[in-house]
Amino acid sequence: QPLQRRPMPTDASVPVRLATSPQVRRFVPTRLSVGAAAAFGRLAWRTDPERRERAIRAAQAILGGTSREADVESVARARLVQAAVAADLFWQPRQDFVLADPDIETLKMARAGGRAVIVSMNHLHPFAGIATAMARDGRAAYLVSGGFLFDSEVGGVWGRRVAQMHEIHRRGNVRLVAASDRSRVIESYRAFGVMEALVRRSETLVIAFDVPGSVETSFLGKPVMLAAGTSNLAFRTKAIVLPIRSRLQGHRVGATFGEPIDPLIFADAGALHDAIASVHERWILETPELLEDPRRAGAWEGGATAARWSRPADARRPGIS
């Protein structure tokens, strides 16, 4: 269903309410706030040992086993800057993703063949709202999302973040599809059925690729347990897979596509999964400082190391992902 406007919770502190208020943000030029955020990130590297250590551990987990393993410190330093910039952009009241003309043509051509399109995104900053770039010509886009966006009871700063996510997608004509609750296999199949129904009626579905799952994948120089819902769904429905990444030019956000991936040229869903993984791996290694921390809550957490990313409970659990 179309999203409804969700009011911002008011139980956060006054400084948080001011920093996250759309009304206040309208009076602050984006260029100025982004510059201040970048300066804050550079300061954090020098003065905040805890944040510096977290950034180093994230960089080690991402770069371990790759050709950029020696770049951990420089990438960690850049991570603090980019994370601060992404956080600032997230709260801008009118920060819409745009596609350049060549990317608009890529999307049109992918849709023109009469087959559905599954857009495969990753968590390279600034990614919040990237699905809005797909909602074109009056057509909604459908974003597969974690359960936190469906929680109406959450408050505080996290509740304000959820409300902002709703507003970004409401304004951008994006509808949310609940991802599976993998604590119960039946929920996985229900979610997959909804996604398949949308694809079969030629809707554009956006799915994050770099999320924990039960398929061991050679990714970023190490075994990584990844979800394979994108490849399973595309192989089953013959939908075109269109990889996408965010881009930041100055203080303006946008998105660009990789080459379309046709499931018909692959022997099975596993080979298709590996092909999608190789595209996202290449993009991540170009700008590893932009990748969300794989050790964050809800991702691989402490199971993301330089040698392997694994959540043991996911690895043992059967299901479609």
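This is a predicted model, so every value here is computed, not measured. (Residues numbered from 1 in each chain as written. Predicted model: local features only at pLDDT ≥ 70, side-chain atom pairs only at ≥ 80, totals over all residues. Heavy atoms only, no water.)

**Student:** Explain the overall build of the chain here, please?
**Tutor:** When helices and strands are tallied, the chain shows 11 helices and 9 strands. Against the compact-globule benchmark of 20 Å for 321 residues, the chain has a radius of gyration of 19 Å, which places it among compact chains. In terms of overall dimensions, the chain has a C-alpha envelope of 50 × 45 × 40 Å along the principal axes. When each of the 321 residues of the chain is scored for burial, the buried share is 51%. Considering only contacts within the chain whose residues lie at least 6 apart along the sequence, 75% involve residues at least 24 apart. Surface accessibility of the chain: about 15,000 Å² in total, with carbon and sulfur atoms responsible for 54%. Across the chain, the mean location of the 44 positive side-chain charges is 5 Å away from that of the 33 negative side-chain charges. (Helix = DSSP H or I, 4+ residues; strand = E, 2+ residues; numbered from the N terminus. Rg over C-alpha atoms; globule rule 2.2 N^0.38 Å. Buried < 20%, exposed > 50% of the residue type's maximum accessible area, 1.4 Å probe, protein only. Contact = heavy atoms within 4.5 Å. Areas by Shrake-Rupley, 256 points an atom, 1.4 Å probe, with all protein chains shown as cover. Lys, Arg positive; Asp, Glu negative; His and termini not counted. Charge placed at Lys NZ, Arg CZ, Asp CG, Glu CD.)

**Student:** Please clarify how the packing of aromatic side chains should be interpreted in this entry.
**Tutor:** In this description, an aromatic ring pair is defined by two values, namely the gap between the centres and the angle between the planes. One pass over the full model with this rule turns up 3 aromatic pairs. Note on Phe209 and Phe219: the rings are 6.3 Å apart at their centroids and 65 degrees apart in plane angle, and the pair reads as edge-to-face. Of this pair, Phe209 sits in the loop between strand 5 (204-208) and strand 6 (212-219) while Phe219 sits in strand 6, and the two are 10 residues apart along the sequence. For the pair Phe209 and Phe219, one class covers both residues: buried. On the basis of an interplanar angle of 50 degrees and a centroid distance of 4.8 Å, the ring pair of Trp300 and Trp309 is categorised as tilted. Trp309 carries the same exposure label as Trp300, and that label is buried. When the ring centre of Phe90 is taken as origin, the NZ or CZ atom of Arg161, which lies over that ring, is 4.1 Å away. (Phe/Tyr/Trp six-rings, centres within 6.5 Å; stacked < 30°, edge-to-face > 60°. Lys NZ or Arg CZ within 6 Å of the ring centre and 35° of its normal.)

**Student:** In this structure, what is going on with the side chain of Arg245? I would like to understand it.
**Tutor:** Here Arg245 lies in strand 8 (residues 240-249). Of the polar contacts made by the side chain of Arg245, one reaches the side chain of Thr287; its length is 3.4 Å. Look past the residues within four positions of Arg245 in its chain and what remains in contact with it is Leu124, Ile130, Gly254, Ala255, Thr256, Trp283, Glu286 and Thr287. (Polar contact = N/O pair within 3.5 Å; in protein donor to acceptor, adjacent residues only side chain to side chain.)

**Student:** What is the right way to read the packing of helix 3 (residues 30-47) against helix 4 (residues 49-63) from this model?
**Tutor:** Between two packed helices, what matters for the description is the angle formed by their axes and the separation of those axes. Relative to each other, helix 3 and helix 4 sit at 100 degrees, their axes nearing to 6 Å. Viewed along their axes, helix 3 and helix 4 adopt a mutual orientation that is roughly perpendicular. Every residue of helix 4 that contacts helix 3 at Phe40, Ala44, Trp45, Arg46 and Thr47 is listed here: Pro49, Arg51, Arg52 and Ile56. (Axes fitted to C-alpha atoms, helices over the stretch in contact; angles between N-to-C directions. Parallel < 35°, antiparallel > 145°, perpendicular 65-115°, else oblique.)

**Student:** Teacher, can you tell me more about helix 7 (residues 156-171) here?
**Tutor:** At 3.6 residues per turn, the α-helix brings residues three or four places apart onto the same side. Between its first and last C-alpha atoms helix 7 spans 23 Å; for 16 residues at 1.5 Å apiece the expected length is 22 Å, and the two agree. Gly156, Gly159, Arg160, Val162, Ala163, Gln164, Met165, His166, Glu167, Ile168 and His169 are the residues of helix 7 that are buried. Turning to helix 7, the residues buried within the fold contact helix 1 (14-19), helix 5 (72-90), strand 3 (141-145) and strand 4 (174-178). Among the residues trailing helix 7, Asn173 stands out with phi positive, at a value near 60 degrees. (Expected span 1.5 Å × (residues − 1).)

**Student:** Just to check I follow, could you spell out the nonpolar core for this structure?
**Tutor:** Where a protein is soluble and globular, its nonpolar side chains tend to be buried together. Core analysis: the largest hydrophobic core is formed by 51 residues, its most contacted members being Leu205, Phe219, Leu233, Trp300 and Trp309. Leu107, Ala208, Ile244 and Ala255 belong to the second largest nonpolar core, which has 38 residues in total. (Core = buried A, V, L, I, M, F, W, Y, C linked by side-chain atoms within 4.5 Å.)

**Student:** It is not clear to me how the environment of Leu149 should be interpreted in this structure. Could you clarify?
**Tutor:** With respect to the helices, strands and loops of the structure, Leu149 is situated in the loop between strand 3 and helix 7. For the pair Leu149 and Val174, spaced 25 residues apart in sequence, the C-alpha to C-alpha distance is 13 Å. Among all residues touching Leu149, those that are not within four sequence positions of it are Arg6, Val162, Met165, His166 and Leu176.

**Student:** Would you mind going over the sheet that holds strand 4 with me for this structure?
**Tutor:** To summarise the sheet geometry, strands pair through backbone hydrogen bonds and adopt either a parallel or an antiparallel arrangement. The 7 strands lie next to each other as 1-9-8-2-5-3-4, forming an open sheet whose pairing is mixed. At either margin of the open sheet sits one strand with a lone partner, and together these are strand 1 (98-99) and strand 4. Inspection of the sheet shows strand 2 (residues 117-121) paired to strand 8 by 4 bridges, in the parallel sense. Looking at strand 8, one finds that Val119 is bridged to Leu242. Set on the sheet, helix 9 (residues 229-237) makes contact with strand 2, strand 5 and strand 8; between it and strand 2 the angle comes to about 165 degrees. The sheet strands contacting helix 10 (residues 269-286) are strand 2, strand 8 and strand 9 (252-257), and the helix crosses strand 8 at an angle near 10 degrees. (Pairing = 2+ DSSP bridges.)

**Student:** Honestly, unusual backbone geometry in this entry has me stumped. Any pointers?
**Tutor:** Excluding glycine, most residues fall at negative phi; most peptide bonds, likewise, are trans. Following His125, the chain continues to Pro126 via a peptide bond in cis, the omega torsion being -10 degrees. At Leu220, a residue that is not glycine, the phi angle is positive and equals roughly 55 degrees. You can see Leu220 is positioned in the loop between strand 6 and strand 7 (222-226). A positive phi angle, near 50 degrees, is found at Glu301, a position not held by glycine. As for its position among the elements, Glu301 is in the loop between helix 10 and helix 11 (312-316).

**Student:** Can you walk me through the packing of helix 3 against helix 5 in this structure?
**Tutor:** Contact geometry of helix 3 with helix 5 gives a least axis separation of 8 Å together with a crossing angle of 145 degrees. Every pair of crossing elements has a handedness; the one defined by helix 3 and helix 5 is right-handed. Between helix 3 and helix 5, the residues in contact are Thr30, Ser33, Val34, Ala37, Ala38, Phe40, Gly41, Arg42, Ala44 and Trp45 and Glu73, Ala76, Arg77, Leu80, Val81, Ala84, Val85, Asp88 and Leu89, respectively. Of the residues assigned to the contact of helix 3 with helix 5, the class counts are 12 nonpolar, 3 polar and 4 charged. (Left-handed = near helix turned anticlockwise from the far one by under 90°. Nonpolar A, V, L, I, M, F, W, Y, C, P; charged D, E, K, R; others polar.)

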